[in-house]
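Each chain is listed here by its residues.
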Amino acid sequence: MLKVNTDDTIAAISTASGSGGIGIVRISGKDAISIADSVFSSPKGKRLAEAKSHTISFGHIVYDGQVIDEVLVSVMRAPHSYTCEDIAEINTHGGYRSLSAVLNAVLRSGARLAEPGEFTKRAFLNGRIDLTQAEAVMDIINAGTDKARQAAMTRLSGRLSKEIGEIRESILTMLAHIEAGIDYPEHDDETMTYSMIGDNTKKALAAVDRLIAGADMGRIYKEGVKTVILGCPNVGKSSLLNALLEEERAIVTDIPGTTRDSLEEMINVHGIPLKIADTAGIRVTDDIIERMGVEKSKSLAEDADLILLMLDGSRELGDDDRELIALAKGKKCIVLVNKSDCERKADVSEIASLSPLSISAKHGEGIEELFARIRDMFSAGELDADNSPLISGERNKASLMKAKHYLENVLETVKKRMPEDFISMDMTEAYSALGEITGEALEEDILDKIFSEFCLGK
Ligand SMILES: Nc1nc2c(ncn2[C@@H]2O[C@H](COP(=O)(O)OP(=O)(O)OP(=O)(O)O)[C@@H](O)[C@H]2O)c(=O)[nH]1
Ligand SMILES: [Mg+2]
């Protein structure tokens, strides 16, 4: 069982580093308000201890006889706060010196520096949110696009928890009936028949499958479409990256083999985030550095969600080009024939079935058409709150895959009419795999790891 250590009071700077109009030092725990009080001085001698919950007080932070900053302090009392504990938030002027001096004063007055994600971890341990909602908080903070933010907001509202809860509930009901049958064979009417177990398991499995189906889109909205620009040397891959970014990011020369190592950037295509990599041109080479780059390009292509396969339209297609086309088979791929501004020498009739798109990376021609194709590939209509992908991280997908596996075992057992003990074993496993998603069935060290990836002060 998890140990809930909320004896100590934690503090951290909750705003981003760098200068801004306002910065916040957040304090949470049973001594939060008294610690804030010990460094707070109001012009009228008002004490924070007397302040009502959800009010804000004006004053100064004074420590060691020195006035550190003019501040506003919000007080939120347990259990009506982010962490369910007493919270004081000191709004300072948002410069690093001021924030760190205020934090130091708070730490010297009895608070402990919070670990990354510790405020959210307390909200979880105190039962205010479950793990899917805690992860949603982080996803909102890190959202790279509006769609990622929308999907995370849906999870924060608890919709994923609700769906997982319903599947677990149905498994639990089946388990209870089976157990009743095992323990009290004379109460046969309580026992579910194999076919009823089969039907209910199929329903649970369908619900798990629906969540898995959304998982890849969820990852894409969160982390971006893994996109790789692939092609032979000198076809214009780096020029395309620069055209997409609208800046001279990658070095472009007419020397084949210019790009040695892959280069990654994020771009936003009509709301779809693309994590795009320019790679070393693929060819057989003796240069050891270039060869390593070529290997890396190939492995990036294997792992990609989308390949932008580039050919040079100003020269004839070669065997190297054909090899790459074969490599991209079975993947989402857009074939680009570059250098449309030059005389066309490549005969693209052999790849007509791939609907190659003619572009000029150098002059930015055909880029809009490329964006339109990407949008059509990755957005099945506008996302709204009802069809946002609910699953985002790999962790959640792995738990769903595990649950799917055990539910399939159940169906197998039902089909072969094997003893019911097998069914309850597999159902119990499926039940706890689903519990990992909401955090009800997770070991403490795994939880620690999840929260440690959060940012400081949240
Ligand atoms: N005329 C014309 N030249 C282009 C176009 N795109 C790229 N080039 C030129 O082609 C040459 C190679 O461009 P790069 O973008 O470096 O090609 P690359 O595929 O990244 O090459 P490596 O990094 O060596 O694999 C440069 O001289 C570019 O200016 C284009 O659309 N039209
Ligand atoms: Mg290059």
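These lines cover the structure that appears in this document, whether it is placed above or below. Note that the coordinates shown come from a computational prediction; the quantities given were computed from them, not determined experimentally.

### Regarding the site of ligand 1
Point 1. Looking at ligand 1, there are 25 residues lining it, with Gly-236, Ser-238, Thr-259, Gly-281 and Lys-362 nearest.
Point 2. With 3 residues, the top contributor of residues to the shell around ligand 1 is helix H8 (residues 237-245).
Point 3. For the shell around ligand 1, the per-class residue count stands at 7 nonpolar, 13 polar and 5 charged.

### Structural notes on helix H3 (residues 118-125)
Point 1. The element H3 is extensively covered by neighbouring structure, given that 7 of its 8 residues are classed as buried.
Point 2. Taken together, the buried positions of H3 are occupied by Glu-118, Phe-119, Thr-120, Lys-121, Arg-122, Ala-123 and Phe-124.
Point 3. Buried residues belonging to H3 abut strand E1 (10-13), strand E2 (20-28), helix H4 (131-142) and helix H14 (444-452).
Point 4. Positive backbone phi, at 85°, marks Gly-127, one or two positions downstream of H3.

### Quick word on the sheet that holds strand E4 (residues 55-63)
Point 1. The strand order across the open sheet built from 7 strands is E3-E4-E5-E6-E2-E1-E7, with neighbouring strands paired in mixed fashion. This sheet does not close on itself; its edge strands, each paired only once, are strand E3 (40-41) and strand E7 (112-113).
Point 2. Helix H2 (residues 96-108) rests against E1, E2, E4, strand E5 (66-76), strand E6 (87-94) and E7 of the sheet, and its axis sits at about 15° to E2.

### Focus: the pairing of strand E8 (residues 225-231)
Point 1. Of all the 7 residues making up E8, 6 are buried; the element is thus mostly covered by neighbouring parts of the structure.
Point 2. Bridging between E8 and strand E10 (residues 272-278) involves 5 bridges; their strand directions are parallel. Note that in E10 the partner of Thr-227 across the bridge is Ile-276.
Point 3. Where E8 and strand E11 (residues 306-312) come together, 5 bridges link them in parallel fashion. Looking across to E11, one finds that Thr-227 is bridged to Leu-306.

### What about the sheet that holds E11?
Point 1. Read from one edge of the open sheet, 6 strands run E9-E10-E8-E11-E12-E13, paired in mixed fashion. Both edges of this open sheet fall to strand E9 (263-269) and strand E13 (357-358), since each of them pairs with a single strand only.
Point 2. Bridge analysis of E9 against E10 gives 7 bridges, and the strand direction is antiparallel. Counterpart to Glu-264 in the pairing with E10 is Ala-277.

Rules and cut-offs
- Residues numbered from 1 in each chain as written.
- Chains lettered and ligands numbered in written order.
- Predicted model: local features only at pLDDT ≥ 70, side-chain atom pairs only at ≥ 80, totals over all residues.
- Near = placed C-beta within 6 Å.
- Helix = DSSP H or I, 4+ residues; strand = E, 2+ residues; numbered from the N terminus.
- Nonpolar A, V, L, I, M, F, W, Y, C, P; charged D, E, K, R; others polar.
- Buried ≥ 20, exposed ≤ 12 C-beta atoms within 10 Å, placed from the backbone.
- Contact = placed C-beta atoms within 7 Å.
- Pairing = 2+ DSSP bridges.
- Axes fitted to C-alpha atoms, helices over the stretch in contact; angles between N-to-C directions.

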